[in-house]
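Working through the structure, step by step
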Amino acid sequence: MPRSLRILALCLLGATALVATAVADAKTLRWAGRGDMQTTDPHSQNENLTNNINQLVYEFLLVRDKKLGLVPSLAESWTAVNPTTWRFKLRAGVKFHDGTPFTADDVVFSFERARADSSQLRAYANASGSPKKIDDLTVEFTTNGPNPVELEHIATINIMSKAWCEKNRATKPQNYSQKEDMITAREANGTGPYMLKAREPDVKTVLTKNPNWWGIKAGRFEGNADEVIYTPIVSDATRVAALLSGEVDLVNDPPPQDVPRLAQTPGIKVLEGTENRIVFIGMDQARDELLYSNVKGKNPFKDKRVREALYHAVDIEAIKKNTMRGLSQPSGGMLPSPLTTTPAIEKRLAYDKERAKKLLAEAGYPDGFEVTLDCPNNRYVNDEKICQALAAMWAQIGIKVAVNAMPRATYFPKLEKTETSMYMLGWGGGTTDAIFVLQPVLSTYSGKGDGDYNYGRYSNAKLDLLTAKIKTNMNAGERLKDVHEALLAHNAETNHIPLHRQVIPWATRSNVTAVHRADNNVIPYWVTIK
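Below you will find a few notes about this structure. (Residues numbered from 1 in each chain as written. Predicted model: local features only at pLDDT ≥ 70, side-chain atom pairs only at ≥ 80, totals over all residues. Heavy atoms only, no water.)

1. Observations regarding empty space enclosed by the protein
Put simply, the rule is: Think of a 1 Å grid over the protein atoms and nothing else: a 1.4 Å probe that fits but is trapped marks a cavity, an open set flanked by protein within 12 Å on at least five of seven lines marks a pocket, and residues with an atom within 4 Å of a point count as lining. Grid points are joined across faces, edges and corners, and a volume is the space filled by probe spheres set on the points. Comment: elements are numbered from the N terminus, with helices defined as DSSP H or I runs of at least four residues and strands as E runs of at least two. Residue polarity is assigned by list, with Asp, Glu, Lys and Arg as charged and Ala, Val, Leu, Ile, Met, Phe, Trp, Tyr, Cys and Pro as nonpolar; anything else, Gly included, falls into the polar class.
Under the defined criterion, the tally for this structure stands at 3 cavities of 30 Å³ or more. Reported here for the largest cavity is a volume of approximately 690 Å³. For the lining of the largest cavity, the element with the highest residue contribution is strand β17 (residues 422-428), accounting for 4 residues. Looking at the lining of the largest cavity, its residues break down into 18 nonpolar, 17 polar and 8 charged. Computed from the structure, the second largest cavity encloses a volume of approximately 180 Å³. Around the second largest cavity, the lining is made up of 20 residues, and of these N252, D253, R379, R408 and N520 lie nearest the centre.

Structure, rendered in structure tokens:
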């Protein structure tokens, strides 16, 4: 054989070996959790699992790193031109999964789309300011006033293809609460590290690696999970059994009662972690008569004494010990993260059944009353069990609570319509800034983003006034003082009954290495499977 042919043969052999090695290294991550994502429309719902999976297909201008810090993504750099104008330079050469180029037009379109009434992210899109295209790779945002957390707001809106949305009549987000059927609820076209291969609600969601993702050359794809199969498994026992048998590789919500056993099981490892999430109870404080109660002609939750009675009747330590098996951090503060709280905010009303009975009698309910507590059964750790425990505690002061538990797919649309008298909710995510709970959850409902998750529709004038200042105050010290005052104003009125922050370990097969972030998001491109 001539020398040139021998060299060519050796080169081909080497190339074949490299391809074979790459294929051998490529793995499938089989991930399971209690519930399913709600929709593949990235601007429709603001729910953690939904956001988690959507951000693997779509991308933000800025993304969170392993410690939840903000780093460049579709925006390579940014500058504050003045107190109300931010300029973002976009990454060149990025393409959507269908091959169309990413430009400033897509950024402007996406932020405007996310402002629609059917978007649960509209508060953040509005706070980000008005987007304006400067050129194909430059966008400016102009805010109504100084925004101390502009980058945090920008990092909440996924970028969609304007051309694809217009072609598919999807220029507005899916109206999930009205069960609207749109292409964006089952198909996707992002720029992200994974492409949506298959979507079967409540069965499985399959993602495949995007070979053209800009992040590969940038060294962002650190793992070897080239395919991701997410499977919702509602039953705790079945989900754990699937992990033990090797049917799944990772569970990011193992039942607390099984965590000690899993930690001692050969072939399984447990990753410890506390989530940025506060779980609490809300009450209808707006209607003159509750929808689901035997009290007619008035609303007992409008009386602060009744709300305080319910709070005093909660034995939070019993919930921590018996229901959560120690995997919770009781709190009196309505903050997902404890980083900016104070002892005064964290202090709970004391567990005191006699005090609770006295308050009920003073409010005119010496014999208690009946009410329904709506609760998810596949969203938060032991959610239904917590609701059942609370019902038993409230029964001891004469309040008969019927627990109405349901899957998240039914639960959240019910809350959006405020068809509830009493409900459980959890709030958290990647950011630790208090405005991300003060504005959407604790403020008076405005129909424009403020109070979108204030499903009790109460109004706390002092909190609203302070929140308005917090939105634009660029003085960090003054702003933090206002945050503390706003949270104390909430506590003074007992507008909610806070329970605890979730401690949420993950369980994986021993051959899996993953990064456990405090937002409880699974990032497969950081996962290595041996």
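2. So, the pairing of strand β18 (residues 496-503)
The condition is simple: Per-residue accessibility, obtained with a 1.4 Å probe over protein chains only, is compared with the maximum for each type, and a residue is labelled buried under 20%, exposed over 50%, and partly exposed between these values. At least two DSSP bridges between two strands are needed for those strands to be called paired.
Of all 8 residues in β18, 8 are buried, a share of seventy percent or more. Inspection of the sheet shows strand β13 (residues 274-283) paired to β18 by 6 bridges, in the antiparallel sense. Following the sheet pairing, G282 is matched in β18 by H496. Sheet topology note: the strand β14 (residues 328-330)/β18 ladder contains 3 bridges and is antiparallel. Within the sheet, the bridge partner assigned to P330 lies in β18 and is H500.

3. What to know about the sheet that holds strand β6 (residues 130-135)
In a beta sheet, neighbouring strands pair by backbone hydrogen bonds and run either parallel or antiparallel. Which entries qualify depends on this criterion: Helix axes are fitted to C-alpha atoms over the stretch in contact, other axes to C-alpha atoms as well, and angles between N-to-C directions run from 0 to 180 degrees.
In space, the 4 strands of this open sheet follow the order β4-β5-β7-β6, with antiparallel pairing throughout. Either end of the sheet is taken by a strand with one partner, and the two such strands are β4 (75-82) and β6. Averaged over all adjacent pairs, the angle separating strand axes in this sheet is 25 degrees, with direction ignored. Judged from the 5 bridges that link them, strand β5 (residues 85-90) and strand β7 (residues 138-142) form a sheet pairing that is antiparallel. Within β7, the residue paired with T85 across the bridge is T142.

4. Overview of the sheet that holds strand β9 (residues 204-209)
Put simply, the rule is: Whether two residues are in contact is decided by their heavy atoms, any of which lying within 4.5 Å being enough.
Taking strand neighbours across the sheet as the criterion, the 7 strands line up as β8-β9-β10-β1-β11-β19-β12 in an open arrangement whose pairing is mixed. Of all strands in the sheet, those bounded by a partner on one side alone are β8 (194-200) and β12 (268-271). Alignment of strand β1 (residues 27-33) against strand β10 (residues 225-232), held across 7 bridges, turns out to be parallel. Within the sheet, the bridge partner assigned to W31 lies in β10 and is Y230. Strands in contact with helix α8 (residues 236-245) are β1, β11 (250-251), β12 and β19 (506-509); relative to β19, the strand with the most contacts, it is inclined by about 35 degrees.

5. Concerning the nonpolar core
Just so we agree on the cut-off: Remark: nonpolar core denotes a set of buried residues (Ala, Val, Leu, Ile, Met, Phe, Trp, Tyr, Cys) joined through side-chain atoms within 4.5 Å.
One finds L61, W394 and L438 to be the most contacted residues of the largest nonpolar core, which totals 131 residues. Of the residues forming this core, the biggest block, 7 residues, is contributed by helix α14 (residues 383-395). Beyond its immediate sequence surroundings of up to four residues, L438 is in contact with S443, L463, T467, I470, V483, A486 and L487. The next biggest cluster of nonpolar side chains, apart from the first, holds 14 residues, and it includes A32, V248, V251 and L327.

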